[in-house]
Amino acid sequence: MSAVCPNGHTSQSEDFCDTCGAKIDLENQPEAAVPEPAPEAAEPAAAAAPDQQICPNCSTPNTPDALFCEACGYDFTTGALPRGASPKESENGSGAVTGAGVAATVGSIAPAIPLEWVAEVWVDPDWYAVQEADEPMPSPGLPAVVGLTTRSLLIGRVSPSRNIHPDIDCTTDTGVSRRHAQLTTDGQRWFVEDLGSSNGTFVGPASGPLPEDPIAVGPRTELDDDDRIYVGAWTRIVVRAATDDEKTAQTG
(Lines give C-alpha, C1' and ligand atoms only; values in the text may rest on other atoms or scores of the structure.)
Protein backbone atom coordinates (compact mmCIF):
# COMPACT_ATOMS: atom_id res chain seq x y z
CA MET A 1 0.00 0.00 0.00
CA SER A 2 1.28 3.54 -0.68
CA ALA A 3 0.58 6.94 0.87
CA VAL A 4 0.98 10.60 -0.11
CA CYS A 5 3.07 12.98 1.97
CA PRO A 6 2.11 16.68 2.59
CA ASN A 7 4.47 17.65 -0.28
CA GLY A 8 2.62 15.43 -2.72
CA HIS A 9 5.17 12.63 -2.96
CA THR A 10 3.97 9.08 -3.19
CA SER A 11 5.65 6.94 -0.57
CA GLN A 12 5.68 3.24 0.05
CA SER A 13 6.21 3.95 3.72
CA GLU A 14 3.16 5.08 5.68
CA ASP A 15 4.96 7.02 8.45
CA PHE A 16 7.58 9.18 6.71
CA CYS A 17 7.93 10.03 3.00
CA ASP A 18 10.47 7.98 1.12
CA THR A 19 11.38 11.05 -0.95
CA CYS A 20 11.47 14.06 1.38
CA GLY A 21 11.12 12.53 4.86
CA ALA A 22 7.98 14.50 5.76
CA LYS A 23 5.65 12.91 8.27
CA ILE A 24 2.67 11.32 6.59
CA ASP A 25 -0.81 11.99 7.93
CA LEU A 26 -2.75 8.84 7.12
CA GLU A 27 -6.04 10.39 8.24
CA ASN A 28 -5.89 13.17 5.65
CA GLN A 29 -4.92 11.32 2.55
CA PRO A 30 -6.22 12.64 -0.80
CA GLU A 31 -8.92 10.61 -2.36
CA ALA A 32 -7.46 8.10 -4.69
CA ALA A 33 -8.25 8.81 -8.28
CA VAL A 34 -10.51 6.21 -9.75
CA PRO A 35 -8.85 4.93 -12.89
CA GLU A 36 -10.93 5.18 -15.97
CA PRO A 37 -11.93 1.80 -17.37
CA ALA A 38 -9.86 0.71 -20.30
CA PRO A 39 -11.73 1.14 -23.54
CA GLU A 40 -13.24 -2.05 -24.76
CA ALA A 41 -11.63 -3.49 -27.83
CA ALA A 42 -13.68 -2.47 -30.80
CA GLU A 43 -15.32 -5.38 -32.51
CA PRO A 44 -14.28 -5.74 -36.11
CA ALA A 45 -16.72 -3.94 -38.34
CA ALA A 46 -18.98 -6.22 -40.34
CA ALA A 47 -18.09 -6.34 -43.96
CA ALA A 48 -20.21 -3.90 -45.86
CA ALA A 49 -22.76 -5.56 -48.08
CA PRO A 50 -21.74 -5.10 -51.68
CA ASP A 51 -23.98 -2.64 -53.50
CA GLN A 52 -22.97 -3.94 -56.91
CA GLN A 53 -21.30 -6.83 -58.68
CA ILE A 54 -18.79 -6.26 -61.43
CA CYS A 55 -19.16 -8.28 -64.61
CA PRO A 56 -15.95 -10.29 -65.13
CA ASN A 57 -16.50 -10.23 -68.88
CA CYS A 58 -16.98 -6.50 -69.57
CA SER A 59 -16.36 -4.88 -66.12
CA THR A 60 -19.79 -3.23 -66.05
CA PRO A 61 -21.27 -2.68 -62.54
CA ASN A 62 -24.56 -4.53 -61.96
CA THR A 63 -26.99 -4.73 -59.07
CA PRO A 64 -26.12 -7.38 -56.43
CA ASP A 65 -29.07 -9.60 -57.38
CA ALA A 66 -28.60 -9.39 -61.16
CA LEU A 67 -28.66 -12.77 -62.87
CA PHE A 68 -27.18 -11.45 -66.12
CA CYS A 69 -24.96 -8.48 -66.93
CA GLU A 70 -27.10 -5.68 -68.31
CA ALA A 71 -24.35 -4.66 -70.74
CA CYS A 72 -23.09 -7.90 -72.26
CA GLY A 73 -25.42 -10.64 -71.00
CA TYR A 74 -22.81 -12.52 -68.91
CA ASP A 75 -24.52 -15.20 -66.78
CA PHE A 76 -23.60 -14.57 -63.12
CA THR A 77 -25.20 -17.89 -62.06
CA THR A 78 -23.33 -20.25 -64.36
CA GLY A 79 -20.32 -18.10 -65.19
CA ALA A 80 -21.01 -18.61 -68.88
CA LEU A 81 -19.99 -16.05 -71.47
CA PRO A 82 -22.68 -14.15 -73.38
CA ARG A 83 -24.17 -15.72 -76.45
CA GLY A 84 -23.56 -14.39 -79.95
CA ALA A 85 -25.25 -11.35 -81.26
CA SER A 86 -27.44 -13.04 -83.83
CA PRO A 87 -28.98 -16.44 -84.55
CA LYS A 88 -27.62 -18.63 -87.32
CA GLU A 89 -29.94 -18.43 -90.26
CA SER A 90 -31.61 -21.58 -91.48
CA GLU A 91 -31.94 -22.49 -95.15
CA ASN A 92 -35.10 -20.45 -95.59
CA GLY A 93 -33.39 -17.34 -94.15
CA SER A 94 -35.15 -17.19 -90.78
CA GLY A 95 -33.98 -17.93 -87.27
CA ALA A 96 -36.91 -20.25 -86.54
CA VAL A 97 -38.74 -22.58 -88.90
CA THR A 98 -41.81 -24.71 -88.68
CA GLY A 99 -42.52 -28.35 -89.33
CA ALA A 100 -39.48 -30.65 -89.56
CA GLY A 101 -36.97 -27.78 -89.76
CA VAL A 102 -35.16 -26.82 -86.55
CA ALA A 103 -33.73 -23.41 -85.71
CA ALA A 104 -30.05 -23.38 -84.77
CA THR A 105 -28.14 -20.67 -82.94
CA VAL A 106 -24.51 -19.72 -82.51
CA GLY A 107 -22.61 -18.41 -79.49
CA SER A 108 -24.80 -20.16 -76.94
CA ILE A 109 -24.03 -19.37 -73.30
CA ALA A 110 -23.70 -23.04 -72.29
CA PRO A 111 -21.78 -26.06 -73.61
CA ALA A 112 -23.26 -27.61 -76.74
CA ILE A 113 -25.06 -30.97 -76.52
CA PRO A 114 -26.36 -33.31 -79.24
CA LEU A 115 -29.83 -32.54 -80.53
CA GLU A 116 -32.14 -34.83 -78.60
CA TRP A 117 -34.84 -32.33 -77.62
CA VAL A 118 -36.68 -29.43 -79.22
CA ALA A 119 -38.96 -26.69 -77.96
CA GLU A 120 -42.15 -25.85 -79.82
CA VAL A 121 -43.24 -22.21 -79.47
CA TRP A 122 -47.00 -21.94 -80.01
CA VAL A 123 -49.55 -19.15 -80.20
CA ASP A 124 -52.19 -20.42 -77.77
CA PRO A 125 -55.71 -18.90 -78.12
CA ASP A 126 -56.87 -20.45 -74.83
CA TRP A 127 -54.01 -18.85 -72.90
CA TYR A 128 -54.65 -15.54 -74.66
CA ALA A 129 -58.34 -15.67 -73.68
CA VAL A 130 -57.58 -15.67 -69.94
CA GLN A 131 -54.81 -13.05 -70.08
CA GLU A 132 -57.09 -10.14 -71.05
CA ALA A 133 -54.30 -8.62 -73.13
CA ASP A 134 -54.88 -5.37 -74.99
CA GLU A 135 -52.84 -6.21 -78.06
CA PRO A 136 -54.27 -8.46 -80.77
CA MET A 137 -53.10 -12.06 -80.88
CA PRO A 138 -51.30 -13.30 -84.02
CA SER A 139 -53.03 -15.95 -86.06
CA PRO A 140 -52.36 -19.41 -84.59
CA GLY A 141 -50.51 -21.78 -86.85
CA LEU A 142 -47.68 -24.26 -86.81
CA PRO A 143 -45.18 -23.70 -83.99
CA ALA A 144 -41.65 -22.42 -84.32
CA VAL A 145 -39.36 -25.35 -83.48
CA VAL A 146 -36.11 -24.58 -81.68
CA GLY A 147 -33.41 -27.21 -81.28
CA LEU A 148 -32.25 -27.49 -77.67
CA THR A 149 -28.54 -27.91 -78.34
CA THR A 150 -27.18 -26.33 -75.14
CA ARG A 151 -27.76 -27.16 -71.49
CA SER A 152 -29.07 -23.70 -70.67
CA LEU A 153 -31.31 -21.57 -72.87
CA LEU A 154 -32.80 -18.15 -72.33
CA ILE A 155 -36.52 -17.53 -72.96
CA GLY A 156 -37.28 -13.89 -73.71
CA ARG A 157 -37.41 -11.07 -76.23
CA VAL A 158 -34.60 -9.59 -78.31
CA SER A 159 -33.07 -6.28 -77.22
CA PRO A 160 -30.10 -5.25 -79.41
CA SER A 161 -29.34 -2.23 -77.22
CA ARG A 162 -28.92 -4.49 -74.16
CA ASN A 163 -27.31 -7.33 -76.14
CA ILE A 164 -30.12 -9.72 -75.25
CA HIS A 165 -30.61 -12.44 -77.86
CA PRO A 166 -32.73 -15.24 -76.37
CA ASP A 167 -32.30 -18.83 -77.48
CA ILE A 168 -36.10 -19.20 -77.44
CA ASP A 169 -37.25 -15.99 -79.05
CA CYS A 170 -40.68 -14.69 -78.03
CA THR A 171 -40.16 -11.16 -79.35
CA THR A 172 -43.62 -10.85 -80.93
CA ASP A 173 -45.29 -11.36 -77.53
CA THR A 174 -44.75 -8.11 -75.60
CA GLY A 175 -46.09 -9.76 -72.44
CA VAL A 176 -42.78 -11.69 -72.30
CA SER A 177 -39.89 -10.01 -70.45
CA ARG A 178 -36.52 -9.48 -72.14
CA ARG A 179 -34.95 -12.05 -69.82
CA HIS A 180 -38.05 -13.97 -68.86
CA ALA A 181 -37.02 -17.52 -67.91
CA GLN A 182 -34.18 -20.01 -68.19
CA LEU A 183 -34.60 -23.54 -69.53
CA THR A 184 -31.93 -25.99 -68.31
CA THR A 185 -31.23 -29.71 -68.42
CA ASP A 186 -29.14 -32.22 -66.47
CA GLY A 187 -29.00 -34.45 -69.54
CA GLN A 188 -32.19 -36.35 -68.78
CA ARG A 189 -34.64 -33.90 -67.23
CA TRP A 190 -35.61 -30.35 -68.15
CA PHE A 191 -36.22 -27.50 -65.72
CA VAL A 192 -37.58 -23.99 -66.06
CA GLU A 193 -36.64 -21.06 -63.83
CA ASP A 194 -38.37 -17.68 -63.74
CA LEU A 195 -35.80 -14.85 -63.83
CA GLY A 196 -38.02 -12.26 -62.17
CA SER A 197 -40.28 -11.67 -65.17
CA SER A 198 -42.99 -9.03 -65.12
CA ASN A 199 -45.92 -11.36 -65.84
CA GLY A 200 -44.69 -14.65 -64.42
CA THR A 201 -43.95 -18.11 -65.79
CA PHE A 202 -46.64 -20.77 -65.60
CA VAL A 203 -46.35 -24.55 -65.87
CA GLY A 204 -49.23 -26.97 -66.33
CA PRO A 205 -49.99 -30.38 -67.84
CA ALA A 206 -51.50 -30.67 -71.29
CA SER A 207 -54.33 -32.81 -69.94
CA GLY A 208 -55.39 -30.42 -67.18
CA PRO A 209 -56.78 -26.88 -66.91
CA LEU A 210 -54.61 -23.88 -67.62
CA PRO A 211 -52.35 -23.01 -64.68
CA GLU A 212 -53.47 -20.11 -62.53
CA ASP A 213 -50.44 -19.54 -60.30
CA PRO A 214 -46.94 -18.71 -61.57
CA ILE A 215 -43.92 -20.69 -60.45
CA ALA A 216 -41.71 -19.09 -57.81
CA VAL A 217 -38.93 -16.78 -58.94
CA GLY A 218 -35.52 -18.41 -58.53
CA PRO A 219 -36.01 -22.13 -57.83
CA ARG A 220 -35.99 -24.47 -60.82
CA THR A 221 -39.23 -26.30 -61.61
CA GLU A 222 -38.87 -29.73 -63.18
CA LEU A 223 -40.99 -30.36 -66.28
CA ASP A 224 -42.97 -33.57 -66.53
CA ASP A 225 -43.38 -35.25 -69.90
CA ASP A 226 -46.69 -33.56 -70.70
CA ASP A 227 -46.04 -30.18 -69.05
CA ARG A 228 -46.38 -26.94 -70.95
CA ILE A 229 -44.74 -23.59 -70.20
CA TYR A 230 -46.97 -20.51 -70.54
CA VAL A 231 -45.52 -17.00 -70.76
CA GLY A 232 -46.69 -13.60 -71.94
CA ALA A 233 -50.06 -12.97 -73.53
CA TRP A 234 -50.32 -16.01 -75.81
CA THR A 235 -47.09 -18.03 -75.83
CA ARG A 236 -47.02 -21.73 -74.99
CA ILE A 237 -43.73 -23.64 -75.04
CA VAL A 238 -43.61 -27.42 -75.29
CA VAL A 239 -40.38 -29.38 -74.71
CA ARG A 240 -40.38 -32.75 -76.48
CA ALA A 241 -37.99 -35.34 -77.91
CA ALA A 242 -36.60 -34.50 -81.34
CA THR A 243 -37.73 -36.61 -84.28
CA ASP A 244 -35.26 -38.38 -86.58
CA ASP A 245 -36.03 -35.86 -89.32
CA GLU A 246 -35.23 -32.97 -86.98
CA LYS A 247 -31.96 -34.56 -85.93
CA THR A 248 -31.02 -35.07 -89.58
CA ALA A 249 -31.93 -31.48 -90.47
CA GLN A 250 -29.79 -30.19 -87.61
CA THR A 251 -26.71 -32.19 -88.59
CA GLY A 252 -27.12 -31.76 -92.32
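In case you missed it, the structure is sitting above this.
Quick notes on the rules
Residues numbered from 1 in each chain as written. Predicted model: local features only at pLDDT ≥ 70, side-chain atom pairs only at ≥ 80, totals over all residues. Heavy atoms only, no water. Helix = DSSP H or I, 4+ residues; strand = E, 2+ residues; numbered from the N terminus. Buried < 20%, exposed > 50% of the residue type's maximum accessible area, 1.4 Å probe, protein only. Contact = heavy atoms within 4.5 Å. Areas by Shrake-Rupley, 256 points an atom, 1.4 Å probe, with all protein chains shown as cover. Pairing = 2+ DSSP bridges. Phe/Tyr/Trp six-rings, centres within 6.5 Å; stacked < 30°, edge-to-face > 60°. Lys NZ or Arg CZ within 6 Å of the ring centre and 35° of its normal.

Colleague: Help me understand the overall build of the chain in this model?
Modeller: Looking only at helices and strands, one finds two helices and 14 strands in the chain. Of all 252 residues assigned to the chain, the portion counted as buried reaches 37%. Contacts in the chain between residues at least 24 apart in sequence constitute 50% of all its contacts with a sequence separation of at least 6. When the accessible surface of the chain is summed, it comes to about 14500 Å², and 52% of that surface belongs to carbon and sulfur atoms.

Colleague: Explain the sheet that holds strand 7 (residues 152–156) to me, please; I cannot follow it from the model alone.
Modeller: By way of backbone hydrogen bonds, the strands of a sheet pair with one another, either parallel or antiparallel. Here five strands make up an open sheet; going across it, the order is 8-7-9-10-12 and the pairing mixed. Each edge of the open sheet carries a strand with a single partner, namely strand 8 (168–169) and strand 12 (221–222). As judged from the two bridges shared by strand 10 (residues 190–194) and strand 12, these two strands associate in the antiparallel manner. When the sheet's bridge partners are listed, valine 192 is paired in strand 12 with threonine 221.

Colleague: It is not clear to me how the packing of aromatic side chains should be interpreted in this structure. Could you clarify?
Modeller: What describes a pair of aromatic rings is the distance from one ring centre to the other and the angle between the planes of the rings. Scanning the model with the defined rule gives three aromatic pairs in all. Look at tyrosine 128 and tryptophan 234: their rings are 6.3 Å apart centre to centre, the planes differ by 50°, and that puts the pair in the tilted class. One end of the pair, tyrosine 128, is in helix 1 (residues 125–131); the other, tryptophan 234, is in the loop between strand 13 (227–231) and strand 14 (235–241), and 106 residues separate them in sequence. Classification of tyrosine 128 by relative accessible area gives partly exposed; the value is 22%. For arginine 220, the ring lying beneath its charged end belongs to phenylalanine 191, and the centroid distance is 4.1 Å.

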